[in-house]
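Structural overview for review
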Amino acid sequence: MAVYDMDDALSTARSQHVSKAQSKQSSNPTTEISERYNRPIAAAQESGLPIIDISSYLDPNSSLEARQTTAQAINAACVNYGFFYLTGHGVPTAKLDEIIDLARQFFALPIEEKNKIKRYDAGGPEGGDSARGYQGLGENVTGGLQDMQEAIDFYRPWSGVVEQGDGGPGTRKTLQGPNLWPEKPVSLRAEYEAYIAQVTTVGRALVRAMGVALSLGAADPDNAADGSAEDEDVFARNCDESFWVMRMINYPPLSASVVPAANGTHQDPGQFSCGAHTDYGCVTLLLADPTPGALQVQLKDGTWLPADPIRGAFVVNIGDMIERWTNGMWKSTMHRVIHRGDGGVNGAQGGGRVSVPFFFEPNFDALVRPLGKCVRESGRESVHGGSTYGEHLLTKVFSNFYYSKRTDW
Ligand SMILES: O=C(O)CCC(=O)C(=O)O
Ligand SMILES: [Fe+2]
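Numbering of residues begins from 1 in every chain and follows the order in which that chain's sequence is written. Throughout, the order in which chains and ligands are written sets their labels, letters from A for the former and numbers from 1 for the latter. Two thresholds apply to this predicted model, a pLDDT of at least 70 for residue-level local features and 80 or more for giving and counting side-chain atom pairs, whereas whole-chain, interface and lining totals are computed over all residues. Hydrogen atoms and water are omitted, and side-chain values are computed over all heavy atoms in the structure.

**Points about the overall build of the protein chain**
Just so we agree on the cut-off: Strands here are runs of E lasting at least two residues and helices are runs of H or I lasting at least four, both read from the DSSP assignment and numbered beginning at the N terminus. Whether a residue is buried, partly exposed or exposed follows from its accessible area with a 1.4 Å probe, protein chains only, as a fraction of its type maximum: under 20%, in between, or over 50%, in that order. The criterion used for residue contact is that any of the two residues' heavy atoms lie within 4.5 Å. Using a 1.4 Å probe, accessible areas were evaluated by the Shrake-Rupley method; residue-level cover was limited to the displayed protein chains.
Looking only at helices and strands, one finds 11 helices and 18 strands in the protein chain. Within the span of the protein chain, comprising 409 residues, buried residues form 54% of the whole. Looking at the protein chain alone, contacts between residues at least 24 apart form 77% of all its contacts between residues at least 6 apart. For the protein chain, the exposed area adds up to about 16,900 Å²; of that, 51% sits on carbon and sulfur atoms.

Have a look at this one:
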């Protein structure tokens, strides 16, 4: 089951779909980490993630009924899984292939070339901003463990005032630097910028559909610019200048990985490609190469569901800001990546798995706090007093843990 055919995969996933698991999701990442690989993989997965066609939110001529059907499917997927496949998004499959291919070409370059766009700490003499640029193997940490991945992070360009960093002239504040684009492959930057424009359109459509899915009520035209109005446009309004992040990742096979350590090198067979975490923002549109078995999603009974790629579809998951806005009615779901390299197209070649998640996030200054309707319907106290997305993001970047479970809000 190496390369998916879209039609086959869709029909298989639909026919295999079974009802949700009921028991409570683990919220303690340390338990998960201590168990390493030992948690069961959900019985070879009887249940696939739901598949949702977003085209009715991209087509201005779609019927109300079509949009309602999509919204209901989104609500069910977010209540039960926090994850789903997204089709009908309009980004050509050839474009998706090109994005993966360019990433693979970059990661195949010598380390000296990759380090030309190395990420450096804010305030340092290199002019880094602690966020943008290339991160080598083992630099990313989840739950105290090094992840076996290398990556480049790109963010929405900083449009606020650019301040001098704490290190004096020539230094930068966190997040305020320019994106560091690789010189090679030469076409990467233009292709990626065009892709970012496309996925931003998809992200906008998706969050509009999510507002409808929560039955928040039609927007009053008088509130069009009011970020605090709690109608069905609330997510769209608070994401209209999305402070997006795009991460280009290469996961070498764990079986062959050697992690650089202060005292030389060591190999850790219990290492994760990416440790269990929830995403900290709004919605993630994940594009990944066809390697099966690598991405795993934690179901409510604690077992892990492999979320294998479907060619031409995104894997979408909701992040902590949506969980906060919905007062926990929609949960951001734990997921992890284990690319052992012992199967699949790329694994069989002993190669890395490449993925390019696009994190469609709220505006930097968007105030994110539980919606009144969700507080009432969830039947629980408000889970958070509210903070801007920018404040939340900065705690993530300052903590130097790219990923973390949401216990810190
Ligand atoms: O590479 C993947 O499949 C998932 C990556 C991920 O979860 C993340 O970057 O947040
Ligand atoms: Fe993630």
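**Quick look at the packing of helix α3 (residues 64-80) against helix α6 (residues 188-213)**
In helix packing, the relevant descriptors are the interaxial angle and the interaxial distance, both defined with respect to the helix axes. To keep it simple, the criterion reads: Note on geometry: axes are C-alpha line fits, over the in-contact stretch for helices, and angles between N-to-C directions span 0 to 180 degrees. Geometric relationships in this document are graded by angle, where less than 35 degrees denotes roughly parallel, more than 145 denotes roughly antiparallel, 65 to 115 denotes roughly perpendicular, and other angles denote oblique. Gly counts as polar in this scheme, as do all residues outside two lists: the nonpolar Ala, Val, Leu, Ile, Met, Phe, Trp, Tyr, Cys and Pro, and the charged Asp, Glu, Lys and Arg.
Contact pair α3 / α6: the axes reach a minimum separation of 8 Å and the direction vectors enclose 85°. The pairing of α3 with α6 is recorded here as roughly perpendicular in orientation. Across the interface between the two elements, Gln 68, Ala 71, Ile 74, Asn 75 and Cys 78 of α3 pack against Leu 206, Ala 209, Met 210, Val 212 and Ala 213 of α6. Broken down by class, the residue content of the contact of α3 with α6 amounts to 8 nonpolar, 2 polar and no charged.

**Structural notes on the nonpolar core**
Stated formally: Nine residue types can take part in a nonpolar core, namely buried Ala, Val, Leu, Ile, Met, Phe, Trp, Tyr and Cys, and a core is a set of them joined through side-chain atoms within 4.5 Å.
Of all hydrophobic cores here, the largest spans 72 residues; its most connected members are Ile 74, Leu 86, Tyr 192, Leu 206, Met 210, Met 248 and Phe 314. The leading source of residues in this core is α6, at 13 residues. Not counting the four nearest positions on each side in its chain, Tyr 192 is found in contact with Ile 99, Leu 102, Ala 103, Trp 181, Met 246, Met 248 and Val 356. Residues Ala 151, Leu 286, Ala 307 and Val 315 belong to the second largest nonpolar core, which totals 20 residues.

**Some points on the side chain of Ser 273**
Inspection of the secondary structure assignment puts Ser 273 in the loop between β9 (264-266) and β10 (274-277). With relative accessibility at 0%, the residue Ser 273 sits in the buried group. Ignoring sequence-local partners within four residues, the contact set of Ser 273 consists of Asp 147, Met 148, Gln 149, Tyr 251, Leu 254, Val 337, Ile 338 and His 339.

**Observations concerning α3**
Applicable threshold: Helix span is expected to be 1.5 Å times the residue number reduced by one.
When the terminal C-alpha atoms of α3 are compared, their 24 Å separation across 17 residues agrees well with the 24 Å that a helix rising 1.5 Å per residue should span. Looking at the buried positions of α3, the neighbouring elements they touch are β1 (51-53), β2 (83-87), α6 and β14 (314-318). Immediately beyond the C-terminal end of α3, within one or two residues, lies Gly 82, with a positive phi of roughly 75°.

**Description of the pattern of salt bridges**
Put simply, the rule is: Should a side-chain nitrogen of Lys or Arg be within 4 Å of a carboxyl oxygen of Asp or Glu, the pair is scored as a salt bridge.
Going through the model one piece at a time under the given rule, you end up with 12 salt bridges. We note a salt bridge from Asp 289 to Arg 104, for which the minimum N-O separation is 2.5 Å. Here Asp 289, found in the loop between β11 (283-288) and β12 (295-298), pairs with Arg 104, found in helix α4 (residues 93-107); they are 185 residues apart in sequence, far enough to count as distant. Classification of Arg 104 by relative accessible area gives partly exposed; the value is 26%.

**Digging into the packing of α4 against α6**
Put simply, the test is: If you view the pair so one helix is near and one far, a crossing is left-handed when the near helix is turned anticlockwise from the far one by less than a right angle, and right-handed when it is turned clockwise.
In contact at an axis separation of 10 Å, α4 and α6 are set at 140° when each is read in the N-to-C sense. It follows from the interaxial angle that α4 and α6 lie oblique. Judged by the twist between their axes, the crossing of α4 over α6 is left-handed. Facing Lys 95, Leu 96, Glu 98, Ile 99, Leu 102, Ala 103 and Phe 106 of α4, the residues of α6 in contact are Leu 188, Glu 191, Tyr 192, Ala 194, Tyr 195 and Gln 198. In the contact of α4 with α6, the residues fall into 9 nonpolar, 1 polar and 3 charged.

**Observations regarding the coordination of the iron ion (ligand 2)**
Put simply, the rule reads: Nitrogen, oxygen and sulfur within 2.8 Å of a metal are treated as its donors, or within 3.2 Å for sodium, potassium and calcium (Na, K, Ca); water is not counted, so a site can appear incomplete.
Here the iron ion (ligand 2) is held by His 277 (NE2), Asp 279 (OD) and His 335 (NE2), and the distances to it run 2.1 to 2.2 Å. The sequence pattern describing where the donors of the iron ion (ligand 2) fall on their chain is H-x1-D-x55-H. Note that His 277 is positioned in strand β10 and His 335 in strand β15 (residues 335-337), a separation of 58 residues in sequence. On the accessibility criterion, His 335 (5% relative accessible area) is buried.

**Quick look at the sheet that holds β2**
This is how it is decided: Strands are labelled as partners when DSSP assigns at least two bridges between them.
Here 8 strands make up an open sheet; going across it, the order is β1-β2-β14-β11-β16-β7-β6-β3 and the pairing mixed. Every other strand in the sheet has two partners, leaving β1 and β3 (133-135) as the edge strands with one partner each. If you compare each strand with its neighbour and ignore which way they point, the axes differ by 25° on average. Of the strands in this sheet, β3, β6 (150-155), β7 (245-251), β11, β14 and β16 (353-360) are in contact with α4, which crosses β16 at around 120°.

**Notes on the environment of Asp 226**
By the element assignment, Asp 226 lies in the loop between α6 and α7 (234-238). For Asp 226, a relative accessible area of 31% translates into the label partly exposed. In the structure, Asp 226 is positioned 152 residues away from Ile 74 in sequence and 25 Å away in space, judged by C-alpha atoms.

**Some points on the pairing of β2**
Side-chain direction in a regular strand flips from residue to residue, so the side chains alternate between the two faces of the sheet. Note the cut-off: A clockwise course of the path from the first strand over the helix to the second, judged with the strands pointing away from the viewer, identifies a crossover as right-handed.
Of all 5 residues in β2, 5 are buried; the element is thus mostly enclosed. Inspection of the sheet shows β1 paired to β2 by 3 bridges, in the parallel sense. In the sheet register, Asp 53 faces β2, and the bridge partner there is Thr 87. Each parallel crossover has a hand, and for β1 linked through α3 to β2 it is right-handed.

**A closer look at the sheet that holds β10**
As summarised here, the arrangement of the 4 strands in space is β10-β15-β12-β13, forming an open sheet in which the pairing is antiparallel. Where the open sheet ends on each side, the last strands, each with one partner, are β10 and β13 (304-306). Here the average twist between neighbouring strands, direction ignored, is 20°. Examined bridge by bridge, β12 and β15 share 3 bridges and lie antiparallel to one another. Opposite Val 297, over in β15, you have His 335 as the bridge partner.

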